[in-house]
Each structure stands twice: as C-alpha cells, then as structure tokens.
Amino acid sequence: MNKKKNTKKSKVAASVTNSGEKKPFFTASELDLKKFEPTDAQKKELYYFIMLNRAFDDRVAKLYRQGKIIGAAYGSRGQEATSVGSAYALGKNDIVGPIIRNAGAIIVRGLPVKNFLSNFIGRSTTPTGGRDGNSHLGDLNIGVFAPISHLGSLIINLTGCALAFKLKKEPRVALTYIGDGGTSTAEFHEGMNMAAVWKVPFVCIIENNNWAYSTPTMNQSNLKDLAVKGKAYGMEAVVMDGNDVFEVYRVSKYAIEKCRAGNGPILIESKTMRMKGHAEHDDAFYVPKEMFAEWQKKDPIIRAEKYLLDHKIMTPAENEELKNRVAKDMEEAEEFALNAPFPLGEEAAEGVYAE
Amino acid sequence: MATITYLEAISMGMREEMRRDPNVFLIGEDIGVYGGAFKVTKGFIEEFGADRVMDTPISEAGIIGVCVGSALMGLRPVAEMQFADFISCGFNQLVNQAAKIHYRWREAVPMVVRCPSGGGVHGGPFHSQNPEAWFFHVPGLKIVSPSTPYDAKGLIKSAIRDNNPVLFFEHKFLYRRIKGEVPEDDYIVPIGKGDIKREGKDMTVVAYSSAVHWALEAAEQIEKEDGVSVEVLDMRSILPYDKELILQSVKKTNRVIVAHEATLTGGVGGDVSAFITENAFEHLDAPVRRLAAIDTPVPYSPPLEAHFLPNKDKMLKVMRELAAY
Ligand SMILES: Cc1ncc(C[n+]2csc(CCOP(=O)(O)OP(=O)(O)O)c2C)c(N)n1
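This structure is a prediction, so every number in the text was calculated from the model and none was measured.

With that settled, consider the overall build of chain B. Looking only at helices and strands, chain B features 12 helices and 14 strands. The globule rule puts the C-alpha radius of gyration for 325 residues at 20 Å, and the 19 Å found for chain B is close to it. C-alpha atoms of chain B, sized along the principal axes, occupy 60 × 40 × 40 Å. A burial count over chain B gives 58% of its 325 residues as buried. Partitioning the contacts of chain B with sequence separation of at least 6, the portion at a separation of at least 24 is 79%.

What follows is the structure, encoded as structure tokens:
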C-alpha cells in the first residue's frame, strides 16, 4: 500500500544526499525479513497488545473527561502498532525509552496497566510514586528508561545506554522513539551523530504521524521522508508502514538483531498518523477531515484483526475472547487505580539525592 | 609526599580512580591523543586506551546525555567540558534529565562533569566564566570547587565515587600557579565539608576556589598591618555547602565576608549570607559583606578584566571596612 509513495522518495533523497548511492533508505519490502516473521501465537499476542494499548488510551481519555485525570492526557490512537510491534521485538535485557505516544511499549515491557493508570492520577502505586505523571516513568527492572518532556533528549540518553553496552561488551540494544517534530531539535542531531560515529547498538524510530501539535511535518522539515536524515549521519535507514503491527515487528526485529550483531545504529521511519488531537484538550480542528478518513482505513487494529481472521490464525471465538480480556484488564485497572492511595505530602521532600 | 600542581592533582585523582574501578571512563572533546585543552588527561589514552578516554564530536548536550545513559547502565563517566562556558549547550541534559532522575524514578546517576572555569587568563566573555550559580539552583546536582591541590585530588575522587551527578569546577588560573603537597596514597575529601584554611578570631571570610587565595593573601597583610585576625573558611563544596562549619566560625568571629569570583547578583554568596543572617543574626556585629565580580560579562582587555574581577586588594578593602564597622 505504500509502494506508490515509495517510488517518489528516492527523488527527494537524491536531491539531498551526496553519497552517490541511489537510495538513501530501504523500504520494508526491499529487505529480506522472512526470518523475522512472528509466529502465529506472537501475532495474536501483538493483536492483543495493540487492543490493550488502545483500550488503555481510551480509559485515560474517559477519566480525563470525567475530571479524574489531573494533568495532561496524551494518547496514541492510530499509532499503537509502532509502539507495540517494536517493543515486542526487543530482548529481555534490552532497554527502551518510550515518549508520550508509546504507552504500548511500556505495557509490552510488562508494567501492569493498573499501575500504569495510577501514574496518570498521581497515586503511590506506580514506579514514580506520584513524583511524575502520565507515561513519564522509568523502571530498569523492565528495561524502561524514563523520558523527560524535552523532545530529543532521549536520543542522546539511549545512545549513552548503547555506548555502555558496547564498552562493556554486553549483547544488548537500546531503542527509543521521536516524533517528526522532535527531529528538529538540536539534541536529536547530537545524539544521532554520536550514535553513528561510535557505531553503537541503537535503534531510533521516528514516528512520522504528520503532525507535531498543530504543525504539519512540512513546516517542520523540508524532507518528505525523514529517514533521509539517517543517511546524513551515515546510518542505515528503513521506512516502514507504522500501521501494520506485523511489519513493525519484522522491521524492528531486523534492526534490533542487526544492532546486536554489532552493525548499528539504525534509523527507522514509521509512516503513521495521529488520529486525535495532540492531547485530550485539543480537538484537532486544524487536521483536514479527509485526512482522518483516509487514515481510518489503515487503522492498525482493524487491519490486524482482518489479517488474523482471513488467514485463519485466529477464530472468531478467540477474537471475542481477546476483546473480553482487554475489557476486563481495563475494568480492573480503573478499579485499582481509582482506589489506590495517594502518596503522603511530606514524601515530596525525599529522594532528591542517591545515597 | 610530592609537591605538585593543582592540575596534576586532578589528573592524579582521576588516574587512581580509573585504576581502581574499570567502570570509570572519561569522555570529552580532544581529551584523548591531545590530552585535553589544558592537558589534564595527558597520557591517559596511552594507559587506559581509547575506550576509556573517549574523544567526542563537539556536542555538549551529547556528552552530558551520554553520561546519563551510560551511568544508568552501570558505568561511571567523567566528562570534560573543554571550557566551563560551553556547559550552557548541555544545560537541559543536566538540569532536566541528570538532576531529576533519582527523584523521579529512584535510579542513581553516578557521573562527573569537569568544568575548567574562571578568569584572569584573558579569555574574554566565553572562556572565563564561573557558571556555578546556574546549577546552584538545581536540586539533584552536587557542585564542588577546590582551591588547593590536596582538595582537588580528594574531591575529584569523591565526585567519581558519588552516586549523583557532580559538577567539578576547576579553576584555570590555579591550574599551574598553585602547588602543594599531595599524598600519593588513596584519600578523599568528602563532598559537603568545608575547611578552615587559616584560623582567626576577628572576622571570617567564607570563600571557594580563587577567592580563597585572595582571602589568604589579604589576611596575611591585614594581620601584619592592622593586627586584625582573619579566619579563612574554604567551602570546597558549593552544593551542598557546610552550613555547620560556617555557623561555628561566624559565632566565633562575629563578622563575615562571603567571597567568590563569579558575579554578584544571584551568586552563591547571596544564599550563604541569607543563611548566616537567618541563623546567626544575634552573633553578628556587622552586616554580612559580599565580595564578587561586578555584574557584567567577563571583559577581555586586561584593564577591563582587572576592574571586573575581585582580587587581594579589593578583599583587603572590604576587610578593613568590616573591621572598622
Ligand atoms: C524541547 C521541547 N519543546 C516543546 C515541547 C512541547 N511539545 C510537546 S509535544 C510537542 C509536539 C511534538 O510533536 P512530534 O515530535 O511530532 O510528536 P507527536 O506529538 O506528533 O507524537 C511539543 C511542541 C517539548 N515537549 N519539548
């Protein structure tokens, strides 16, 4: 489905790179990804996780509308496949730095949704103990590196993790995400450049969802394909369909294992779409309605569902079961989070410094 | 015990820590083959190899952010800013990422950022600053700034062993001008502890880094010429600073000057004098005085820089005013 677009890409690329190579990046279809095909069981689990990701976001949105979420409520509608497929491709000892649209990655890494939801409402039952909110959390026990709000910062930090893996000769990989808007920051540049110079096991996924708050990507960068930036750093780059969770898995796995073998870093551009406003307060009046309609046809959950049913990997009964499981998970999570204790006020003074 | 320079003491401390702990590594611009802009890491790449003495692209945010990531993965990075002034380019990584990690997710971030700082070397506005106050306001960071070779070695070792991000401000003017006896064995100077560099009974100068030396020189002179006995308290650590030692000294001498080379307004001296007036008001015989650089960028031309910087004579003048109060 991306084929048509992809033929145009090389033209753009040729005008911005001096390497003499024809293609500044690969598309997923140009790579041999057969050995990274998920098993049927994994496919069903990926499907479960993208549904759970969406149900989680929907629950956050609902609590926000009810006035129960005290801070901002960011979601990832339309982008679940990118977070889930990539995090699912990581190994147990790898590390991931999720940002605001990567709740799916945190869930895949193993943070129970009940604890995760607690973090949106300032309860003590979360890795931050209420000291930070929403998806701003880290827990090295499950290989999650906490983001800060400042876009671009994690590119450097995860490059630092990857550098440590290389120096300590540990077969581990670091992966993080950045929005199309975030690629305009100075820290993105410094991190990508260092990762490439040092050839560290680092995977960067640009989630090009067409919008950065209200700013369209064309006002963010003069490139049509942000993957071209990889070329500029001397880094392999791949463009993938970010709304196909199985393709995301295959491409991510390819990149992760290539990095693990010492052939990193790799940049992946995920073509996707933010299907809501920037956060719950934003009704996205500036996004053309037709654009939403166009991308709705590529909804990652509907596509995965159709694929699994058409290929008889999943029976309609199993589908029902998975949907019920997701609904139940979220019911329990809300129940737990709303009844979880708040931290004590005086705990605010604790833990500024490590012993 | 060898007599070595302030610069050699920093090198010695780092070398000992790198021999002791294989997780310690250095990272910065031109620190490898070249040995650093000031040669603090001269000979290090030969002893420890390029993996532990890493040259970087010109990317201060990158250097500091990579320290954060690698520290969380079990290493103990020691970064060099080529000049302290360039730390502004890495500000975000320090104040928003490094400083807040332990508070937000209870993970330790053991890293050191060395900052060659200070004026008197005709470096002009961008190679002479003392930017410690930018970071003094950031909970989660520690800041140290030694004045002697002994303290420089002991503090760099403490900084490397500390489980928090530590800014190590080393004064360029002192690098080769200040020599002192430094034990060749393993010792540390604890972070957060000041030191009485000269005992006295009529007034206290609370100072750090270059200002300690002006205080010591002026103290000798005023003792000889006016018979005033001055105590010189070297803070050594700026964040946290040794409040107990300051109170003890002020309660003894009842008069105090807080001095530093950084500019006056919003400087560390403001907080220290507020602390003293809040906690020892009834022990004071005179208002707390501050001595600092004037509130301008660091000018280049020698007469301008001389006007800008505090020095021994300006210190002496304030001491005399305070003694006469
Ligand atoms: C350095 C920085 N500047 C501004 C912001 C405020 N901000 C938060 S998200 C956002 C838009 C991000 O767009 P993009 O990177 O494309 O990611 P998306 O929201 O589309 O996932 C902005 C401007 C920020 N977080 N960090």
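Moving on to the interface of chain B and chain A. How big an interface is tends to be expressed through the accessible area that disappears when the partners come together. Listed by partner, the interface residues are 32 residues for chain B and 35 residues for chain A. Among the elements of the structure, α3 (60–72), α4 (91–97) and α5 (101–105) of chain B are those that each provide at least two residues to the side of chain B that touches chain A. Its residues placed into classes, the side of chain B that touches chain A shows 13 nonpolar, 15 polar and four charged.

Our next topic: the domain arrangement of chain B. All names here are of chain B. According to the domain assignment, chain B consists of domain 1 (2–182) and domain 2 (195–324). Across the contact, 25 residues belong to domain 1 and 21 residues belong to domain 2. Those elements that place two or more of their residues in the side of domain 1 that touches domain 2 are α6 (132–136), β6 (142–144), α7 (149–161) and β7 (165–171). Of the residues assigned to the side of domain 1 that touches domain 2, the class counts are 11 nonpolar, 11 polar and three charged.

Residue and element names in this part refer to chain B. Of all eight residues in strand β13 (residues 256–263), eight are buried, a share of seventy percent or more. Examined bridge by bridge, strand β10 (residues 203–207) and β13 share four bridges and lie parallel to one another. Looking at the pairing, Thr-204 lines up with Val-256 of β13. Where β13 meets strand β14 (residues 289–293), four bridges bridge the pair, whose relative direction is parallel. Along β14, the bridge assignment pairs Ile-257 with Arg-289. At this point the chain moves from β13, through helix α10 (residues 268–280), to the parallel β14, and the crossover so formed is right-handed.

All right, on to the sheet that holds strand β2 (residues 95–97) of chain A then. Within a sheet, adjacent strands bond to each other through the backbone by hydrogen bonds, running parallel or antiparallel. Residues and elements named next belong to chain A. Spatial ordering of the open sheet is given by β1-β7-β8-β4-β3-β2, a layout of six strands whose pairing is parallel. Each end of this open sheet is capped by a strand with a single partner; those strands are β1 (26–27) and β2. Summarising the sheet, β1 and strand β7 (residues 236–241) pair through two bridges and their orientation is parallel. Looking across to β7, one finds that Thr-27 is bridged to Val-239.

Here we take up the site of the ligand. Residues in close proximity to the ligand total 16 residues, the closest being Leu-151, Gly-179, Gly-181, Gly-182 and Ala-212 of chain A. Along the lines of polarity and charge, the residues of the shell around the ligand split into four nonpolar, eight polar and four charged.

Two faces belong to every sheet, and in a regular strand the side chains alternate between them. Residues and elements named next belong to chain A. When you tally the buried positions in β7, you get six out of six residues, the bulk of the element. Side chains Glu-236, Val-238 and Met-240 of β7 all project onto a buried face; the interleaved residues Ala-237, Val-239 and Asp-241 project onto the opposite face, where all are buried too. Pairing geometry for β7 and strand β8 (residues 266–271), over six bridges, is parallel. Looking across to β8, one finds that Ala-237 is bridged to Leu-267.

About the thresholds
Residues numbered from 1 in each chain as written. Chains lettered and ligands numbered in written order. Predicted model: local features only at pLDDT ≥ 70, side-chain atom pairs only at ≥ 80, totals over all residues. Helix = DSSP H or I, 4+ residues; strand = E, 2+ residues; numbered from the N terminus. Rg over C-alpha atoms; globule rule 2.2 N^0.38 Å. Buried ≥ 20, exposed ≤ 12 C-beta atoms within 10 Å, placed from the backbone. Contact = placed C-beta atoms within 7 Å. Nonpolar A, V, L, I, M, F, W, Y, C, P; charged D, E, K, R; others polar. Domains from an automatic or database assignment. Pairing = 2+ DSSP bridges. Right-handed = clockwise from strand over helix to strand, strands pointing away. Near = placed C-beta within 6 Å.

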